[in-house]
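Here are the chains, one letter per residue:
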Amino acid sequence: MTTATGVIDRRDVSRIPGPLVGLVEFLRMMSKKPVGLIGLIGVLFFLFLAYIAPLIVPLQDAVDVTILAALLSTLIAITFGSIAATVGGRIDALILAITDVALTIPSLILLIVIAAIFRPSSFFALAVILALLQWPALLRQIRAQVLSLKERDFVEAARSLDLGLLHIIFREMLPNMRSYIVIHFIIAMTLAIYAQAAIMFLGLVPLSGKNWAIMLYFAYNQGALFFKDSFFYLMGPIMAIALFQLSLVWLASGLEDVFNPRLRN
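Residues numbered from 1 in each chain as written. Predicted model: local features only at pLDDT ≥ 70, side-chain atom pairs only at ≥ 80, totals over all residues. Heavy atoms only, no water.

J.: Looking at this model, I keep getting lost on the layout of surface pockets. Mind explaining?
T.: Any space left empty among the atoms is revealed by the rolling of a water-sized probe across them. Its boundaries defined by the atoms lining it, the second largest pocket holds a volume of some 500 Å³. Lining the second largest pocket are 24 residues, and of these Ser107, Leu133, Gln134, Trp135 and Leu191 sit closest to its centre. Of all elements in the fold, only helix H4 (65–87), helix H5 (89–104), helix H6 (107–118), helix H7 (123–132), helix H8 (135–149) and helix H11 (178–201) reach the threshold of two or more residues within the lining of the second largest pocket. Of the residues forming the lining of the second largest pocket, the biggest block, 6 residues, is contributed by H11. Considered class by class, the residues forming the lining of the second largest pocket number 18 nonpolar, 6 polar and no charged. (1 Å grid on protein atoms, 1.4 Å probe; cavity = no way out; pocket = protein on both sides within 12 Å on 5 of 7 lines; lining within 4 Å. Points joined across faces, edges and corners; volume = space filled by probe spheres on them. Helix = DSSP H or I, 4+ residues; strand = E, 2+ residues; numbered from the N terminus. Nonpolar A, V, L, I, M, F, W, Y, C, P; charged D, E, K, R; others polar.)

Shown next as structure tokens:
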């Protein structure tokens, strides 16, 4: 039960089982920004569809390339961005130089060229290619965050105790960037979805598994564009991709308010 100001009554919270208190508080904060809550519902809806669809129409099992690519690109950016900012010197200069070169390359065009030359035969290989093209921008942002954190007292204490570089990065700094990382992971997913849809529509990767881009590819190549009765064969996957992307963007917007107290106030 909530009060007139929208705050959950502490007497009601005390009746909620311990593990659910955090979930209730999270949903309360998300509800303050309806767009974020709608995005969360939309993402959960598509995840539910992904779970029940194979029970209705049996399909081949396939790893979601978009999630795997986002995980790999985020891991690359976190690891090397943190190392560059923490170690500094020539290592920092080398990593920044490689990042600057990667930022100047048109990623979609390079992705199409790589897919056309190597023809990745598995979704894991495709995820690796997508990840290798998405890390540069996030790496620079992670480096900037680490530069601001490395001067904090708790980091200096970890250094004085000689806890090691990996401990300082992943145990001391990373938890303080988790909100930032989650939001950018969602953004990386949206970029991976567009890139994957583009190269699958062009027929540059194996056409197997469960994917809206495959539906779009076959609808287009079987002439759905030229028959008015086939309108939804094209618009179905296009609208699904667009709505899922919109849900992810709205969810990221809502999470930004949840994680950032200044925006929440």
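The discussion continues.
J.: When you look at the packing of aromatic side chains in this model, what are you seeing that I'm missing?
T.: Given two aromatic rings, one states the distance between the centres and the angle between the planes to describe the pair. For the structure on display, the rule yields 2 aromatic pairs. Between phenylalanine 45 and phenylalanine 46, the aromatic rings sit 5.6 Å apart at their centres with planes inclined by 70°, giving edge-to-face as the arrangement. Overall, phenylalanine 45 belongs to the partly exposed group, its relative accessible area being 45%. Consider the rings of phenylalanine 46 and phenylalanine 244, whose centres lie 5.4 Å apart with planes at 70°: the pair is edge-to-face. Of this pair, phenylalanine 46 sits in helix H3 (residues 34–56) while phenylalanine 244 sits in helix H13 (residues 231–259), placing them 198 residues apart in sequence. We note that phenylalanine 46, like phenylalanine 244, is buried. An aromatic cluster of three or more residues is present, and its members are Phe45, Phe46 and Phe244. (Phe/Tyr/Trp six-rings, centres within 6.5 Å; stacked < 30°, edge-to-face > 60°. Buried < 20%, exposed > 50% of the residue type's maximum accessible area, 1.4 Å probe, protein only.)

J.: What is the right way to look at the packing of H11 against helix H12 (residues 212–221) in this model?
T.: Working note: a packed helix pair is described by the angle between its axes plus the distance between those axes. At a minimum axis distance of 8 Å, the contact between H11 and H12 shows a crossing angle of 30°. Classified by the angle between their axes, H11 and H12 sit roughly parallel to one another. The hand of the H11/H12 crossing is right-handed. In this structure, H11 uses Ala197, Met200 and Phe201 to contact H12, whose residues at the interface are Ala213, Ile214, Leu216, Tyr217 and Tyr220. Residues of the contact of H11 with H12, tallied by class, amount to 8 nonpolar, no polar and no charged. (Axes fitted to C-alpha atoms, helices over the stretch in contact; angles between N-to-C directions. Parallel < 35°, antiparallel > 145°, perpendicular 65-115°, else oblique. Left-handed = near helix turned anticlockwise from the far one by under 90°. Contact = heavy atoms within 4.5 Å.)

J.: Is there a simple way to think about the environment of alanine 213 in this case?
T.: The topology assignment puts alanine 213 in helix H12. Judged by its relative accessible area of 2%, alanine 213 falls in the buried class. Those residues in contact with alanine 213, other than ones at most four positions away along the chain, are Ala197 and Met200.

Note that all results are geometric; they support no functional claim without further evidence.
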